[in-house]
Amino acid sequence: MRITEHPILEFLRGEEISFFFNGQELKGFEGETIAAALHAAGVKVLGHSHTMHRPRGLFCAIGNCSSCLMVVDGEPNIRICVETLKPGMKVETQQGKGCLK
Amino acid sequence: MPKVKDIEILVVGGGPAGLSAASAAANLGAGVLVLERDGKPGGQLVKQTHKFFGSKKQYAGDRGYQIGNLLIEQCENNPCVEVWTDTTALGIYEDGVVTAEGQGKHLKINPKKVIVATGASEKMIAFPNNDLPGIYGAGAVQTLMNVHGIVPGHRVLMIGAGNIGLIVSYQLMQAGVEIAAIIEAAPTIGGYLVHASKIRRAGVPILTSHTISEAYGQESVEGAIICKLDENWKPILGSEQDLKVDVICLAVGLSPLTELCFQADCQMKYVPELSGHVPIRNEYLETTRPGLYVAGDVSGVEEASSAMVEGRLAGINAAYSLGYGEDVAPKLQAEALVELSELRAGPAGQKTMRGIMNLMDKGGAVC
């Protein structure tokens, strides 16, 4: 959910753009992180743990904890909490540890 | 082979300590490069909407993000300071070369002095299902809310009644989110009463001697069981309460981000009062590795106000050791030391002081 009115802050959002989450088209704003756009769209589960397959979500939001690794435009292990959203980006849930090309 | 960048002083981390260090050193005439892994400098200050305490010298009365903008401006306006954003320091080597990754490139920097101001990371606590989506560090909630303008959910259980727990709870309320309760395992509220009172006046319970027994939910948090603790911090059977919340926010402290100090072979020590392993350093913040200084949370978790003064002190000292500011540096150093002891004069500061005494006692690095 996005905050529209705030007593102290004003949010200057970029242009509205489309991106894809597991093939589904979603909207976000240019300049924000992929994690922010997914969160605003109500997506809380970003992946599953390797061995126990437990759901994983956003935890630190500043690139420290690796809880939010996803495949972005074919590249695995992207920390989506610090990666900026771009128009047409393909964001996918990662299976396993990912491979180097 | 990539070219090596020569610089007098390299600052790792562009938060309150790093930016203060950079402008202090540059004001004395030294050339400074700041590495910041984020796309924008300012560190966690840019997420702070509350007004700071302290004295005018430490920007009391200004909100955190305003102070952040001021520090960024000071560095931008100083021709001796260069800031590389989206750049992460990777290692500090025996020959003094520092490597970094920036925009997909492997970079090498050859500084004369290094100031490590990497900050801290959030602590986790153990309870069943603490890995469920919907459980966040308090800093993550601040980032989502105050940078991106997105709320994490509808109803929050806040764990920890230190200043961060209290301030982030109040910020959530300002953003229209309900706080089910703030729980604190200790028998008393750790943060300032001025923050606690604002929250209590709004009807939010602050439950001391309470902890979380478990979180539950299928794919993400649907609720939490909390319970009361006795005087030995043991759960009291039958005191459990079920809170329907979709967010659990952890404000249970920070750990210094000291990987670079360990890697650079600084002598380290575990000091509980400073929140973890910290590099042994002298009064002027130089570690056991000559020419490597620390400032801010990496040298012991405190607040942004003292991080800024520590940054200034490290910056002055690094520049002075290179021959800059011979006439003014000693006076500036003394002023910074006085400010630090003023900031640490309160009850919270006593703990820090004990930690620093503990750190310097056996370190063999005391000036």
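Residues numbered from 1 in each chain as written. Chains lettered and ligands numbered in written order. Predicted model: local features only at pLDDT ≥ 70, side-chain atom pairs only at ≥ 80, totals over all residues.

(A) Region of the structure containing the overall build of chain B. Within chain B one finds nine helices and 19 strands. For a compact globule of 367 residues, the expected C-alpha radius of gyration is about 21 Å, and chain B comes in at 21 Å, within 12% of that figure. Summarising its shape, the C-alpha atoms of chain B cover approximately 65 × 45 × 35 Å along the three principal directions. Expressed as a percentage of the 367 residues in chain B, the buried residues total 50%. Within chain B, contacts between residues separated by at least 24 positions form 64% of all contacts whose residues are at least 6 apart in sequence. (Helix = DSSP H or I, 4+ residues; strand = E, 2+ residues; numbered from the N terminus. Rg over C-alpha atoms; globule rule 2.2 N^0.38 Å. Buried ≥ 20, exposed ≤ 12 C-beta atoms within 10 Å, placed from the backbone. Contact = placed C-beta atoms within 7 Å.)

(B) Summary view of the overall build of chain A. Of the regular secondary structure elements, chain A holds one helix and seven strands. Along chain A, from the amino end to the carboxyl end, the secondary structure elements read β-β-α-β-β-β-β-β. Taken against the 2.2 N^0.38 rule, which gives 13 Å for 101 residues, the C-alpha radius of gyration of chain A at 14 Å falls within 12% of a compact globule. Principal-axis analysis of the C-alpha atoms gives chain A an extent of 45 × 25 × 20 Å. Going through the 101 residues of chain A one by one, you find that 35% of them count as buried. Here the analysis covers contacts within chain A between residues at least 6 apart in sequence; of these, 37% occur between residues at least 24 apart.

(C) Quick look at the sheet that holds strand β12 (residues 210-216) of chain B. All names here are of chain B. One open sheet holds the three strands; their spatial order is β12-β13-β14, and the pairing between them is antiparallel. Each having just a single partner strand, β12 and β14 (241-243) make up the two edges of the open sheet. Across the sheet, the axes of successive neighbouring strands diverge by a mean angle of 30°, strand direction being ignored. Pairing analysis gives three bridges linking strand β13 (residues 223-228) to β14, with the strands arranged antiparallel. Residue pairing in the sheet places I225 in a bridge with D242 of β14. (Pairing = 2+ DSSP bridges. Axes fitted to C-alpha atoms, helices over the stretch in contact; angles between N-to-C directions.)

(D) Representation of the domain arrangement of chain B in the model. Residues and elements named next belong to chain B. Each domain of chain B was delimited in the assignment, giving domain 1 (4-121 + 254-361) and domain 2 (124-250). Summarising the inter-unit geometry, the C-alpha centres of domain 1 and domain 2 are found 31 Å apart. Opposite the five residues of domain 1 that make contact, domain 2 presents seven residues. Considering only residue class, the side of domain 1 that touches domain 2 consists of one nonpolar, three polar and one charged. (Domains from an automatic or database assignment. Nonpolar A, V, L, I, M, F, W, Y, C, P; charged D, E, K, R; others polar.)

(E) Just the interface of chain A and chain B, in detail. Each side of the interface is counted separately: chain A has 25 residues, and chain B has 24 residues. Of the residues contributing to the side of chain A that touches chain B, the split by class is 15 nonpolar, five polar and five charged.

(F) Representation of the packing of helix α3 (residues 138-147) of chain B against helix α4 (residues 163-174) of chain B within the structure. All names here are of chain B. Between α3 and α4, the shortest axis-to-axis distance is 10 Å and the interhelical angle comes to 30°. As the angle between them shows, α3 and α4 are arranged roughly parallel. Viewed along their axes, α3 and α4 form a crossing whose handedness is left-handed. When α3 is examined against α4, the residues A138, V141, Q142, M145 and N146 are found in contact with a partner set consisting of I164, G165, V168, Q171 and L172. Taken together, the residues of the contact of α3 with α4 break down into six nonpolar, four polar and no charged. (Parallel < 35°, antiparallel > 145°, perpendicular 65-115°, else oblique. Left-handed = near helix turned anticlockwise from the far one by under 90°.)

(G) Representation of helix α8 (residues 329-343) of chain B. Residue and element names in this part refer to chain B. Relative to the 21 Å expected for 15 residues at 1.5 Å per residue, α8 spans 21 Å between its end C-alpha atoms, a close match to the ideal helical length. All of the buried residues in α8 are L332, A336, E339, L340 and L343. End-on, the buried residues of α8 take up no more than an arc of 100°, which puts them together on one face. Among the exposed residues of α8, those oriented more than 90 degrees off its buried face are P330, K331, A334, V338 and S341. (Expected span 1.5 Å × (residues − 1). Arc of directions from axis to C-beta.)

(H) Molecular detail of the pairing of strand β2 (residues 32-35) of chain B. Residues and elements named next belong to chain B. Covered by surrounding structure in β2 are V32 and V34 together with L33 and L35, the residues of both alternating faces. As defined by bridge partners, strand β1 (residues 4-12) adjoins β2 across four bridges and the pair is classed as parallel. Note that in β2 the partner of I9 across the bridge is V32. Crossover connection from β1 via helix α1 (residues 16-27) to parallel β2: handedness right-handed. Bridge analysis of β2 against strand β3 (residues 81-84) gives four bridges, and the strand direction is parallel. From the neighbouring strand, V34 faces β3, where its bridge partner is V83. (Right-handed = clockwise from strand over helix to strand, strands pointing away.)

(I) Spotlight on the sheet that holds strand β11 (residues 206-208) of chain B. Residues and elements named next belong to chain B. Taking strand neighbours across the sheet as the criterion, the five strands line up as β8-β15-β9-β10-β11 in an open arrangement whose pairing is parallel. Among the strands making up the open sheet, the edge pair consists of β8 (135-137) and β11. Shown here is a sheet whose adjacent strand axes are inclined to one another by a mean of 20°, direction ignored. Two strands pair when backbone bridges link them, and strand β10 (residues 178-184) and β11 are joined in this way by three bridges, in the parallel orientation. Bridge pairing links I182 to I206 in β11. Against the sheet, α3 touches β8 and β15 (247-250), its axis set at about 90° to β8.

(J) Local environment of unusual backbone geometry. In this model, N77 of chain A sits at a positive phi of 60°, which is unusual for a non-glycine residue. Mapped onto the elements, N77 of chain A comes out in strand β6 (residues 75-79).

(K) Expanded view of the packing of α4 of chain B against helix α5 (residues 193-201) of chain B. Residue and element names in this part refer to chain B. Running from amino to carboxyl end, α4 crosses α5 at an angle of 40°, the nearest separation of the two axes being 9 Å. By the criterion of interaxial angle, the relationship of α4 to α5 is oblique. Crossing geometry of α4 relative to α5 is assigned as left-handed. Contacts between α4 and α5 involve N163, L166, I167, S169 and Y170 from the former and H195, A196, K198 and I199 from the latter. Partitioned by chemical class, the residues of the contact of α4 with α5 number five nonpolar, three polar and one charged.

(L) Examining the pairing of β3 of chain B more closely. In β3 of chain B, alternate side chains face the same way, and those of V81 and V83 of chain B are buried while those of E82 and W84 of chain B on the opposite face are not. With helix α2 (residues 64-76) of chain B bridging β2 of chain B and the parallel β3 of chain B, this β-α-β connection has right-handed handedness.

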